[in-house]
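Per-entry structural report
What follows is the residue order along each chain.
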Amino acid sequence: MSRTSTALAATRGIVRQDYTLEPTVSVDLVQPIGRQEVFLNAVTGYDFHRENTQLNRGRASLEGGYVTSLGICQGSAIETYSASQSDLAQIDSTQGLKNLRETYGTAVGVQCGLAQGIQGGVHAQRQETFNSAQVQRTADNTVRSLGAELGYGNATLGKVSLIYNYSENQLPNQIIPGQPVGNGFFSTTYGVNLQHSFGSRLQVGGNIGRTLVKRGFAPPGVKPKFSSTTYSGQASYRFGNNLEIDVGAARAVLPTSRAGKLYDITTSGQINAHYRLGTRIGVNAGYRIADVKSNVDTTTTFRVITNSRSYTTSGSVTYRQSRHVSLGVDVVYDDRNTNLPEFNYTATRVGLMATFEF
């Protein structure tokens, strides 16, 4: 719960072991209108803590939009909103633990082409994130991005395409002395995307590219720009009708969600197994490793985590009693090591779930 050592948890005023109740309601609505469609996906709930009642908070996630078909093209416009209490693993200080993190997003795009032949598309997105706690507001950010893809696909080859992405990341409250506006950085990625199926059992896909990052401001002695290989890949293999194995890996440069830093370079790998025991029982197991490296030169009043490695082991069992009712139990074990030992921790979470569908 505290995501820190015992000593720092006491300083934070957090009880390390806690029980939570998280009732959740979700609604999925789709309304076709000829060749068009409007939809709304909504999830809302509240987190109750038995010990750490100061972290009690509501949460919500909304996604709504419009999709239309125009000949061989499909256009979309989507609005999103999410709000929740920040995970304490994303907070590097002893202050601002009670923090509402809200994100608003708008995305539009057009994708054209058939399964056989030339395919392409463009998309644009704007996303804004706000934090309620004063000490966390330097992590508020606005991201504007633009992407394009041009490729070719057929049943034998699969899909091969060239991709381009540009993003502008602004942190308006991360004030730099002598600068008229806040901090920020720009990134440009050129790459290749591949998708292919080997029969009905094995599907693979992913992209690899070169990302150039340029800072809006760099202190003396710090390079204003750098480049990095970035990628995202996944593969799925089915053993018969009951067992499926998924593996994946990714590396990306992202705006940080922590106060006192500018960006995170996140590298991760994971494997998951899904097994069906008949028609009612499903078993899942997974393992994930994630490395996060961040810029180290931002001036703050507290030390920040600039290097971390997390190991996550998870497992769950789900029992579907009927079309409308399912029960489940999941166990998650986390082990994190950072450059600040007081933020190292191990944690075990056991969850019981009851789902009712109408």
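Notes on the structure in this doc start here. (Residues numbered from 1 in each chain as written. Predicted model: local features only at pLDDT ≥ 70, side-chain atom pairs only at ≥ 80, totals over all residues. Heavy atoms only, no water.)

**Things to note about the pattern of salt bridges**
- Under the criterion given, the structure shown has eight salt bridges.
- Across the salt bridge formed by Arg309 and Asp291, the nearest N and O atoms sit 2.7 Å from each other. Taken together, the positions of Arg309 in strand S16 (residues 307-320) and Asp291 in strand S15 (residues 281-294) put the pair 18 residues apart, joining distant regions of the chain.
- A residue is classified by how much of its surface remains accessible, and Arg309, at 36% relative accessible area, is partly exposed.
- In this structure, the salt-bridge partner of Asp330 is Arg349, at a minimum N-O distance of 3.2 Å. Of the two residues, Asp330 is situated in strand S17 (residues 325-338) and Arg349 in strand S18 (residues 345-356); the sequence distance between them amounts to 19 residues.
- Here Arg349 falls in the partly exposed class, since its relative accessible area comes to 45%. (Salt bridge = Lys/Arg side-chain N within 4 Å of Asp/Glu carboxyl O. Helix = DSSP H or I, 4+ residues; strand = E, 2+ residues; numbered from the N terminus. Buried < 20%, exposed > 50% of the residue type's maximum accessible area, 1.4 Å probe, protein only.)

**Overview of the pairing of strand S12 (residues 225-239)**
- Looking at chain direction, strand S11 (residues 202-215) and S12 are connected through 13 bridges and run antiparallel. The partner of Val204 across the bridge, within S12, is Ala235.
- Bridge count for S12 against strand S13 (residues 243-255) is nine bridges, and the pairing is antiparallel. Bridge pairing links Tyr231 to Arg251 in S13.
- The hairpin turn running from S12 into S13, its antiparallel successor, is three residues long, and Gly240 in that turn takes a positive phi close to 70 degrees. (Pairing = 2+ DSSP bridges.)

**Quick look at the environment of Asn344**
- With respect to the element layout, Asn344 can be found in the loop between S17 and S18.
- In the structure, Asn344 is positioned 341 residues away from Arg3 in sequence and 7.4 Å away in space, judged by C-alpha atoms.
- Asn344 has contacts with Thr4, Ser5, Arg336, Asn337 and Thr338, leaving out every residue within four places of it along the chain.
- Within the local environment of Asn344, its side chain forms a polar contact with the backbone nitrogen of Thr338, the two atoms lying 2.6 Å apart. (Contact = heavy atoms within 4.5 Å. Polar contact = N/O pair within 3.5 Å; in protein donor to acceptor, adjacent residues only side chain to side chain.)

**Thoughts on the environment of Ser316**
- Looking at the secondary structure, you find Ser316 in strand S16.
- Its relative accessible area of 17% is what places Ser316 among the buried residues.
- For the pair Ser316 and Ala285, spaced 31 residues apart in sequence, the C-alpha separation works out to 6.5 Å.
- Excluding its chain neighbours within four sequence positions, the residues that come into contact with Ser316 are Gly282, Val283, Asn284, Val329 and Asp330.

**Some thoughts on the pairing of strand S6 (residues 100-113)**
- Pairing of strand S5 (residues 73-85) with S6 involves 13 bridges; the strand directions are antiparallel. Considered in S6, the bridge of Tyr81 is made with Tyr104.
- Looking at chain direction, S6 and strand S7 (residues 117-131) are connected through 13 bridges and run antiparallel. Counterpart to Thr103 in the pairing with S7 is Thr129.
- Hairpin connection from S6 to S7: three residues lie between these consecutive antiparallel strands.

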